[in-house]
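# Results of the structural survey
As a plain string of letters, each chain reads:
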Amino acid sequence: MKTTKFLSVAFFALVFGATSYAQKTVMVGGAPMYPTKNIVENAVNSKDHTTLVAAVKAAGLVETLQTAGPFTVFAPTNAAFEKLPKGTVETLLKPENLKMLQTILTYHVVAGKMNASDVAKAIKEGKGKATLKTVSGGTLTAWMKGKKLYITDENGSMSEVTIADVNQSNGVIHVVDTVLLPKS
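Just so it is clear, the model here is predicted, and its values are computed rather than measured.

The packing of two helices is summarised by the inter-axis angle and the distance between the axes. Orientation of helix α3 (residues 50-58) relative to helix α6 (residues 98-106), taken along the N-to-C sense of each, is 130°, at an axis distance of 9 Å. By the angle between their directions, the pair α3 and α6 is classed as oblique. Every pair of crossing elements has a handedness; the one defined by α3 and α6 is left-handed. Between α3 and α6, the contacting residues are Leu-52, Ala-55, Val-56 and Ala-58 on the first element and Leu-98, Leu-101 and Leu-105 on the second. Of the residues belonging to the contact of α3 with α6, the class tally is seven nonpolar, no polar and no charged.

Bringing the packing of aromatic side chains into the picture now. How two aromatic rings sit relative to each other is set out by the distance from centre to centre and by the angle between their planes. One pass over the structure, following the stated rule, counts one aromatic pair. Relative to Tyr-150, the ring of Trp-143 has its centre 4.6 Å away and its plane inclined at 15°; by these criteria the two rings are stacked. Given the relative accessible area of 19%, Trp-143 is considered buried. Tyr-150 sits in the buried class, given a relative accessible area of 10%.

Below, the discussion takes up the pattern of salt bridges. A complete count under the given rule lists one salt bridge for this structure. A salt bridge links Glu-160 to Lys-148, with the nearest nitrogen and oxygen atoms 3.4 Å apart. One end of the pair, Glu-160, is in strand β8 (residues 158-168); the other, Lys-148, is in strand β7 (residues 148-152), with twelve residues separating them in the sequence. Judged by relative accessible area, which is 19%, Glu-160 ranks as buried.

So, on to the environment of Ile-104. Relative to the helices and strands, Ile-104 is located in helix α6. Along the chain, Ile-104 and Leu-181 lie 77 residues apart, while their C-alpha atoms are 6.2 Å from each other.

Below, the discussion takes up the pairing of β7. Put simply, side chains in a regular strand alternate between the two faces of the sheet. The element β7 is extensively covered by neighbouring structure, given that four of its five residues are classed as buried. Sheet analysis places strand β6 (residues 139-145) next to β7, joined by five bridges and oriented antiparallel. Along β7, the bridge assignment pairs Thr-141 with Thr-152. Between the end of β6 and the start of β7, which pair antiparallel, lie two residues, with Gly-146 showing a positive phi angle near 65°.

Calculation rules
- Residues numbered from 1 in each chain as written.
- Predicted model: local features only at pLDDT ≥ 70, side-chain atom pairs only at ≥ 80, totals over all residues.
- Heavy atoms only, no water.
- Axes fitted to C-alpha atoms, helices over the stretch in contact; angles between N-to-C directions.
- Helix = DSSP H or I, 4+ residues; strand = E, 2+ residues; numbered from the N terminus.
- Parallel < 35°, antiparallel > 145°, perpendicular 65-115°, else oblique.
- Left-handed = near helix turned anticlockwise from the far one by under 90°.
- Contact = heavy atoms within 4.5 Å.
- Nonpolar A, V, L, I, M, F, W, Y, C, P; charged D, E, K, R; others polar.
- Phe/Tyr/Trp six-rings, centres within 6.5 Å; stacked < 30°, edge-to-face > 60°.
- Buried < 20%, exposed > 50% of the residue type's maximum accessible area, 1.4 Å probe, protein only.
- Salt bridge = Lys/Arg side-chain N within 4 Å of Asp/Glu carboxyl O.
- Pairing = 2+ DSSP bridges.

By themselves these figures say nothing about function.
Dropping the structure here:
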(Lines give C-alpha, C1' and ligand atoms only; values in the text may rest on other atoms or scores of the structure.)
Protein backbone atom coordinates (compact mmCIF):
# COMPACT_ATOMS: atom_id res chain seq x y z
CA MET A 1 0.00 0.00 0.00
CA LYS A 2 2.85 2.41 0.82
CA THR A 3 4.40 1.69 -2.59
CA THR A 4 1.10 2.35 -4.37
CA LYS A 5 0.65 5.59 -2.46
CA PHE A 6 4.23 6.66 -3.24
CA LEU A 7 3.76 5.83 -6.90
CA SER A 8 0.50 7.74 -6.97
CA VAL A 9 2.33 10.65 -5.43
CA ALA A 10 4.95 10.35 -8.12
CA PHE A 11 2.39 10.63 -10.91
CA PHE A 12 0.76 13.72 -9.57
CA ALA A 13 4.09 15.29 -8.82
CA LEU A 14 4.81 15.16 -12.50
CA VAL A 15 1.41 16.22 -13.58
CA PHE A 16 1.11 18.86 -10.86
CA GLY A 17 4.51 18.98 -9.22
CA ALA A 18 7.37 21.27 -8.41
CA THR A 19 9.26 23.94 -10.30
CA SER A 20 11.58 23.25 -13.17
CA TYR A 21 15.22 23.72 -13.97
CA ALA A 22 16.20 26.70 -16.09
CA GLN A 23 14.87 25.16 -19.29
CA LYS A 24 12.90 26.52 -22.21
CA THR A 25 9.19 27.27 -22.00
CA VAL A 26 7.11 24.81 -24.06
CA MET A 27 3.59 25.53 -25.41
CA VAL A 28 1.04 22.85 -24.47
CA GLY A 29 -2.70 23.23 -25.06
CA GLY A 30 -2.30 26.82 -26.16
CA ALA A 31 -0.58 27.82 -22.92
CA PRO A 32 3.06 28.26 -22.04
CA MET A 33 4.40 25.61 -19.66
CA TYR A 34 6.84 27.72 -17.72
CA PRO A 35 9.78 25.77 -16.32
CA THR A 36 9.70 28.10 -13.32
CA LYS A 37 6.18 26.96 -12.38
CA ASN A 38 5.11 23.64 -10.98
CA ILE A 39 3.23 21.10 -13.02
CA VAL A 40 -0.11 21.91 -11.38
CA GLU A 41 0.25 25.58 -12.20
CA ASN A 42 1.09 24.69 -15.78
CA ALA A 43 -1.35 21.81 -16.33
CA VAL A 44 -4.43 23.75 -15.25
CA ASN A 45 -3.73 26.24 -18.05
CA SER A 46 -3.51 23.62 -20.81
CA LYS A 47 -6.85 23.50 -22.59
CA ASP A 48 -5.73 20.12 -24.01
CA HIS A 49 -5.45 18.49 -20.55
CA THR A 50 -8.69 19.41 -18.75
CA THR A 51 -9.81 15.76 -18.67
CA LEU A 52 -6.47 14.64 -17.21
CA VAL A 53 -6.60 17.40 -14.57
CA ALA A 54 -10.18 16.40 -13.64
CA ALA A 55 -9.17 12.73 -13.43
CA VAL A 56 -6.19 13.47 -11.19
CA LYS A 57 -8.42 15.53 -8.88
CA ALA A 58 -11.10 12.80 -8.82
CA ALA A 59 -8.44 10.19 -8.03
CA GLY A 60 -7.39 12.19 -4.98
CA LEU A 61 -3.85 12.47 -6.30
CA VAL A 62 -3.40 16.26 -6.22
CA GLU A 63 -1.88 16.52 -2.74
CA THR A 64 -0.38 13.05 -2.71
CA LEU A 65 1.58 13.50 -5.91
CA GLN A 66 3.51 16.64 -5.03
CA THR A 67 6.88 15.02 -4.35
CA ALA A 68 10.41 15.66 -5.54
CA GLY A 69 10.63 12.72 -7.96
CA PRO A 70 12.15 12.61 -10.48
CA PHE A 71 9.50 11.06 -12.69
CA THR A 72 8.56 10.77 -16.36
CA VAL A 73 4.88 11.28 -17.20
CA PHE A 74 3.19 10.39 -20.47
CA ALA A 75 0.28 12.86 -20.34
CA PRO A 76 -2.75 12.07 -22.53
CA THR A 77 -4.65 14.95 -24.11
CA ASN A 78 -8.42 15.47 -24.04
CA ALA A 79 -8.52 14.04 -27.58
CA ALA A 80 -6.76 10.92 -26.26
CA PHE A 81 -9.47 10.45 -23.64
CA GLU A 82 -12.13 10.97 -26.34
CA LYS A 83 -10.76 7.90 -28.20
CA LEU A 84 -11.88 5.69 -25.31
CA PRO A 85 -15.27 3.98 -25.67
CA LYS A 86 -18.21 6.29 -24.91
CA GLY A 87 -18.88 6.56 -21.18
CA THR A 88 -15.44 5.27 -20.09
CA VAL A 89 -14.23 8.55 -18.57
CA GLU A 90 -17.52 9.12 -16.76
CA THR A 91 -17.39 5.57 -15.37
CA LEU A 92 -13.79 5.98 -14.20
CA LEU A 93 -14.63 9.23 -12.41
CA LYS A 94 -17.22 7.51 -10.20
CA PRO A 95 -16.11 7.08 -6.56
CA GLU A 96 -16.53 3.30 -6.70
CA ASN A 97 -13.89 3.16 -9.47
CA LEU A 98 -11.26 5.16 -7.57
CA LYS A 99 -8.65 2.37 -7.45
CA MET A 100 -8.98 1.66 -11.18
CA LEU A 101 -8.64 5.38 -11.98
CA GLN A 102 -5.53 5.64 -9.79
CA THR A 103 -4.02 2.57 -11.48
CA ILE A 104 -4.64 3.99 -14.96
CA LEU A 105 -3.21 7.38 -14.05
CA THR A 106 -0.08 5.96 -12.39
CA TYR A 107 0.36 3.62 -15.39
CA HIS A 108 1.35 6.78 -17.29
CA VAL A 109 4.28 7.44 -14.92
CA VAL A 110 7.80 6.02 -14.90
CA ALA A 111 10.16 6.62 -11.96
CA GLY A 112 13.20 8.65 -12.97
CA LYS A 113 13.56 11.48 -15.44
CA MET A 114 13.77 10.31 -19.05
CA ASN A 115 13.98 13.04 -21.65
CA ALA A 116 13.26 11.99 -25.23
CA SER A 117 17.00 11.55 -25.85
CA ASP A 118 17.21 9.19 -22.83
CA VAL A 119 14.29 7.14 -24.17
CA ALA A 120 15.88 7.06 -27.64
CA LYS A 121 19.16 5.85 -26.10
CA ALA A 122 17.31 3.08 -24.20
CA ILE A 123 15.56 2.07 -27.43
CA LYS A 124 18.90 1.88 -29.24
CA GLU A 125 20.41 -0.18 -26.40
CA GLY A 126 17.34 -2.46 -26.52
CA LYS A 127 17.82 -3.01 -30.27
CA GLY A 128 14.67 -1.14 -31.25
CA LYS A 129 12.55 -1.30 -28.09
CA ALA A 130 12.81 -0.19 -24.48
CA THR A 131 10.68 -1.63 -21.69
CA LEU A 132 9.67 0.99 -19.13
CA LYS A 133 8.37 -0.04 -15.68
CA THR A 134 5.48 2.18 -14.55
CA VAL A 135 4.80 3.25 -10.99
CA SER A 136 1.58 1.24 -11.09
CA GLY A 137 3.67 -1.91 -11.63
CA GLY A 138 2.93 -2.36 -15.31
CA THR A 139 5.16 -1.97 -18.33
CA LEU A 140 5.22 0.29 -21.38
CA THR A 141 7.25 -0.32 -24.52
CA ALA A 142 8.96 2.63 -26.17
CA TRP A 143 10.01 2.50 -29.81
CA MET A 144 10.68 4.84 -32.70
CA LYS A 145 9.61 5.11 -36.29
CA GLY A 146 11.91 7.55 -38.00
CA LYS A 147 12.29 10.40 -35.54
CA LYS A 148 8.87 9.88 -33.93
CA LEU A 149 8.65 8.35 -30.46
CA TYR A 150 5.86 5.89 -29.68
CA ILE A 151 4.69 4.15 -26.53
CA THR A 152 2.80 0.84 -26.61
CA ASP A 153 0.78 -0.34 -23.61
CA GLU A 154 0.34 -3.91 -22.35
CA ASN A 155 -2.73 -4.35 -24.58
CA GLY A 156 -0.87 -3.42 -27.76
CA SER A 157 -2.38 0.07 -28.11
CA MET A 158 0.04 2.58 -29.54
CA SER A 159 0.41 6.23 -28.52
CA GLU A 160 2.55 8.84 -30.25
CA VAL A 161 4.51 11.37 -28.21
CA THR A 162 3.28 14.63 -29.77
CA ILE A 163 5.18 17.04 -27.50
CA ALA A 164 8.34 15.79 -25.81
CA ASP A 165 10.48 17.20 -23.04
CA VAL A 166 8.19 19.47 -21.03
CA ASN A 167 10.73 19.71 -18.21
CA GLN A 168 9.92 20.35 -14.56
CA SER A 169 12.15 20.35 -11.48
CA ASN A 170 10.88 16.90 -10.51
CA GLY A 171 10.92 15.27 -13.91
CA VAL A 172 9.57 15.59 -17.41
CA ILE A 173 6.23 15.32 -19.20
CA HIS A 174 5.74 13.91 -22.69
CA VAL A 175 2.31 14.65 -24.21
CA VAL A 176 0.72 11.57 -25.82
CA ASP A 177 -2.23 11.17 -28.19
CA THR A 178 -3.72 7.97 -26.74
CA VAL A 179 -4.58 6.85 -23.20
CA LEU A 180 -2.35 3.97 -22.16
CA LEU A 181 -4.11 1.12 -20.38
CA PRO A 182 -2.65 -1.61 -18.21
CA LYS A 183 -3.62 -5.22 -18.80
CA SER A 184 -6.72 -5.91 -16.76
